[in-house]
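Chain by chain, the residues:
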Amino acid sequence: MKLHHLRLIGIGPFAGTVEIDLAALGASGMFLLEGPTGSGKSTILDAIVYALYGQVAGDTSPARIRSHFAPPQQASVVDLVFETGSGIYRVRRSPEYQRPKLRGSGTTKEQAKAVLWRISSPQALPEVIADVAGGGGGVDVVATRIDEVAREIERAIGLTREQFTQTVLLPQNEFARFLRADTKDRQQVLQRLFGTEIYAAVEKELEEQRRQAKRDVDAARQTLATALARFTEAAAVEDEPAAQLADHADALRLDTLAEGADGILTAATAQEAEAVTAAQTARAAEKTAREAADAARAARTRIQRRRDLDELAARLEREAPAAVAATAALQADETARPVVDLLRRRDRAATQATRAAEALTDAMTAARAAHPHLVGLLEQPEAAAQLATAAEEATAAAGALAELAELETALPAREQKLTARREALATAQQALADLTDQLAARPAQRTDLLAQQEQAREQAGQLPSAQHALQEAQQTQQNLSALAAQETATATARDTAAATLETARELAETEADLRRRRFAGIAAELAGGLEPQQPCPVCGGTEHPSPAEPGPDAVSPEQVEAAEQQRRRAETAQAAAQQDLALAEQKTADLRERTASITAEDAAAAVTAAQQQVTAATTARQRTAELEQQLTAHDEETARLSATRERDALAVEREDTAITATQDALTADRARITEARGEDATITARRTAHTATARTATVLREALREREDAMERAAELEQETAAALATSGLVTAEAARAAALADTERTRLRQQTQARAVDEQRLADGLAEDGIADTDASDTAAEQAEHAVHAAAAALEQASARAREAGAVSARRTARAERTRAARTLLTEATAQVRRVSEEAGVIVRVADLATGRSADGDRVQLSTYVLMWRLDAVIDAANERLALFSGSELELMRDTGARGARRTGLDLLILDRRTDCTRVPETLSGGETFFVSLALALGLADIVMGEAGGVQMETLFIDEGFGSLDPETLETVVREIGRLAQSGRTIGVVSHVGDMKSQIAEQIHVRRGEDDRSTVTITA
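Criteria and thresholds
Residues numbered from 1 in each chain as written. Predicted model: local features only at pLDDT ≥ 70, side-chain atom pairs only at ≥ 80, totals over all residues. Heavy atoms only, no water. Helix = DSSP H or I, 4+ residues; strand = E, 2+ residues; numbered from the N terminus. Buried < 20%, exposed > 50% of the residue type's maximum accessible area, 1.4 Å probe, protein only. Areas by Shrake-Rupley, 256 points an atom, 1.4 Å probe, with all protein chains shown as cover. Polar contact = N/O pair within 3.5 Å; in protein donor to acceptor, adjacent residues only side chain to side chain. Contact = heavy atoms within 4.5 Å. Salt bridge = Lys/Arg side-chain N within 4 Å of Asp/Glu carboxyl O. pLDDT = per-residue confidence, 0-100. Pairing = 2+ DSSP bridges. Axes fitted to C-alpha atoms, helices over the stretch in contact; angles between N-to-C directions. Parallel < 35°, antiparallel > 145°, perpendicular 65-115°, else oblique. Left-handed = near helix turned anticlockwise from the far one by under 90°. Nonpolar A, V, L, I, M, F, W, Y, C, P; charged D, E, K, R; others polar. 1 Å grid on protein atoms, 1.4 Å probe; cavity = no way out; pocket = protein on both sides within 12 Å on 5 of 7 lines; lining within 4 Å. Points joined across faces, edges and corners; volume = space filled by probe spheres on them.

**Observations regarding the overall build of the protein**
Looking only at helices and strands, the protein features 26 helices and 17 strands. Taking all 1021 residues of the protein together, the buried fraction comes to 37%. When the accessible surface of the protein is split by element, carbon and sulfur atoms take 52% of a total near 56500 Å².

**With respect to the side chain of threonine 624**
By the secondary structure assignment, threonine 624 is in helix α18 (residues 600-676). By relative accessible area, threonine 624 is classed as buried at 13%. Polar side-chain contacts of threonine 624 include one of 3.4 Å to the backbone oxygen of alanine 456. In this structure threonine 624 touches Gln453, Ala456, Arg457 and Ala460, once residues within four positions along its chain are discounted.

**Observations regarding unusual backbone geometry**
Although it is not a glycine, alanine 236 sits at a positive phi angle of roughly 55 degrees. Even without a glycine there, the phi angle at aspartate 917 is positive, about 55 degrees. Tracing the backbone shows aspartate 917 in the loop between β12 (908-913) and β13 (918-920).

**Observations concerning the pattern of salt bridges**
Charged atoms that come close allow side chains of opposite charge to pair. Applying the stated criterion to the full structure yields 49 salt bridges. Between arginine 315 and aspartate 759 there is a salt bridge, with the nearest N and O atoms lying 2.8 Å from each other. Within this pair, whereas arginine 315 is found in helix α10 (residues 254-318), its partner aspartate 759 is found in helix α21 (residues 743-768), the two being separated by 444 residues in sequence. As a salt-bridge pair, glutamate 334 and arginine 337 come within 3.1 Å of each other at their nearest N and O atoms. Of this pair, glutamate 334 and arginine 337 both sit in helix α11 (residues 320-367), separated by three residues, roughly a single helical turn. When its relative accessible area of 29% is taken as the criterion, arginine 337 is described as partly exposed. Each of the salt bridges in this network shares a partner with another, and the network as a whole consists of Arg7, Glu19, Asp79, Arg90, Arg92 and Asp131.

**A closer look at the confidence of the model for the protein**
Reading fine detail from the predicted coordinates is not recommended where pLDDT is low. Per-chain confidence: the protein averages 80 in pLDDT, with 87% of residues scoring 70 or above. Ignoring residues within four places in sequence, the model shows residues 899-904, a span with pLDDT below 50, making 17 contacts including any to other chains.

**A short note on the pairing of strand β8 (residues 113-119)**
The side chains of a regular strand alternate, first on one face of the sheet and then on the other. Relative to β8, strand β5 (residues 87-94) runs antiparallel, the two sharing seven bridges. Among the inter-strand pairings, arginine 90 is bridged to a residue of β8, identified as tryptophan 117. As paired strands, β8 and strand β9 (residues 139-143) are joined by four bridges and run antiparallel to one another. If you follow tryptophan 117 over to β9, its bridge partner there is valine 141.

**Here we look at the packing of helix α14 (residues 402-460) against α18**
Relative to each other, α14 and α18 sit at 165 degrees, their axes nearing to 6 Å. As summarised for this structure, α14 and α18 are arranged roughly antiparallel, according to the angle between their axes. The crossing of α14 and α18 is left-handed. Considered class by class, the residues forming the contact of α14 with α18 number 27 nonpolar, 15 polar and 20 charged.

**As for the layout of surface pockets**
In this model, the second largest pocket occupies a volume close to 460 Å³. What lines the second largest pocket is a set of 16 residues, among which Glu571, Thr572, Ala575, Thr916 and Arg920 lie closest to the centre. Among the secondary structure elements, those contributing two or more residues to the lining of the second largest pocket are α17 (557-595) and β13. At nine residues, the largest contribution of residues to the lining of the second largest pocket is made by α17. Looking at side-chain class alone, the lining of the second largest pocket contains four nonpolar, eight polar and four charged residues.

See the structure below:
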């Protein structure tokens, strides 16, 4: 991958547009990105990562990519042109931000955007780079959605964001993290970079399968135990045989268990067959006894039936005379009943005719005083028709006055309502005048609100700069606090280094003194090892006449070795203390550079002032929003009041016109009423008189009609009654009434007749039954039949008891045999399941133990760790090639193979120090050593990751900071090695503020921060 061109618009501290031609800068293979701390160097690297992956290099939010100095309406843009093996691309991204609303006040969120183009040919690069707005000629759109852009870029580059930041962009203070990481963190980094999560997933899956296999085996054995318990319970196996079967199951002697279970099942089946045969014999005997009992009861029943029929025949003979009399009475009643009914109807019609005549007389008497002319009409021919005409005329006259009567009744209420409307109109006219005055004062109120809003908006616009000033003041204050603590730590480290140096010197002198004393007494030491007739190791003689004796201050080799070990430990402690001192002094120098000459009081005052500015601007922003709401509410209220005034004015005008029209209508209605009532006091009185006349005429006409209809009906019924008497043969009405029966008597005689008919039929049907007519119904035969029934019942009871007992035994043994067979089937299935699950689990457990480091074979290393150990060895080999150059072959990386945890062994790093032939942990490296060891490791990691990513070639590499910790000689070596990388075809971007770097690298990007905290970029190429 190669970077061609980068454009920044409103990014970080860069308020305007920044153009960086990375292809031109990389022509010589290496360029320097330099500037003071905090000027914005790392922002340029963050912008490259954001353009490619939508995230910045570190773990912070991508929201910080937008500049605080960018105008609210302008979007921030990162525009990057890059080249991979699959083509040349241009990506343009904008982070989300809050912009002013196009209408009204306030802000709205502008969503993040991303577009990816493919550039058709290298010749189109100048035209594409010159197209600031994006989307010009020479490009083809590849993706416009953020997720699609991410997928396409990762596919084109071949690296994830994590791999990219570890291989292409080595960010500030980050690339040493891998060196110092513990085993767990280093394992996660390697997994993420090399994509070996699949091996960890395999381990997890195999571990789960192992646990599941164990659960399956336990479940299968539990199923076997349950099946065996059910079998022994079903077969009613005794305790001792049941215990033997349980022992076979626990020991998994499955064949022996099957033989024992089959024997028990065979015995249960034989007992079942024997019981079934005995039950069948008992049921046959019971059937024979039941048939004999049924026959005895049938004979007794026939005798009793014949005796009952004989009693019924005797009773019917006794009741025969009463039955004949009842039949005759019912026949006479049937003839007389229609005649009696006509007699009752004739008498009732005569009574009604008399009452109708009396009612007509009463009506005439009541109407004669008020309406004599109507009474006189009754004496005229066609009196009914004349009364009907009089009623219709009076009704019509009353109906004609109905509307005027209602109108007359409503006159007082209408007059009161009209008066109330006049009063309400006066009130509305006054309210309309008040509303007009209120509207006239509102423009001046709005002008005052606008002035307040403009003043608050100006003050709120200072919030971004105030917030930025507060952040810088707080950072300075934090740096001052850290400097004080670091100076104390540096002083402590200096004291510790001096103390360890003095201790090392004292122990070295002690060791030297012991060695001198040992050499002085070496003769006595050698003499102590002489043996008779054995050659002397010095002179070779076998005679030892006067061997030297050890002196009082003799020193043994063990004392010298112990002193040497103490001296070595002291030197190691002194070296570590010296390294800690160097680190502490470097941190102190960095903090002093950041704080310059600022005092704690100045920093606190700056924080207080900035906080006050932020508070004032924040309050002004809130006040701006509140005033905007007040303006909106004021305008809405003005509009509402204007609409209300127009509506009320129209309503007042309409009401005035309506009141005039109502008064005119009321005057006209009053004139009509006066004309229509004539001599009567009111229209209602006149209408009531007409209604009374109509009602009286109607009453007289109805009374006349009812009298005539009743007389006509009485005459008709008199004729019908005479005809019915003549036809029935009954001479007089009294004879007819005497022959008719009462309802209760008639019902009683009918029920008596019907009951006798049923009894006669019962007698005939009973005698016709089979064998009844020939049956002997004497008392002797009945007594013999009863004795036979009791004897047969006793024999049946004995046979049934024997059958029940045999059936119960058969059912129990059959049920036990069936349960035993079912339980034997379950036991067979459980046995087969145990065999199958045990075989499968054995294979799974062996494989899982091997992959998860639990196996007794091998090194007990997890599969995922083993793969990462192999990858780490390749990274270490690649890193040591450069580390040999950086350190003058004094330092070498190596993998720690010590057993510090059986399942995560082999991912720790050690440094072999050739100067002392001792191994060191990364934490003991000095600042400069940490930098170039980490750089070598990072470059080696980059080589291996790119090789693992399918041979991805990264032609551009950035190294951010760390050079300040190197001495001049090491710095020159590191720069020379970086230059060698550049000569191999890579473009190396070095990020540093170290002054010596400027004289060693010609192409440079200069980043400077102005007095207004805005940064600018200049390029030297």
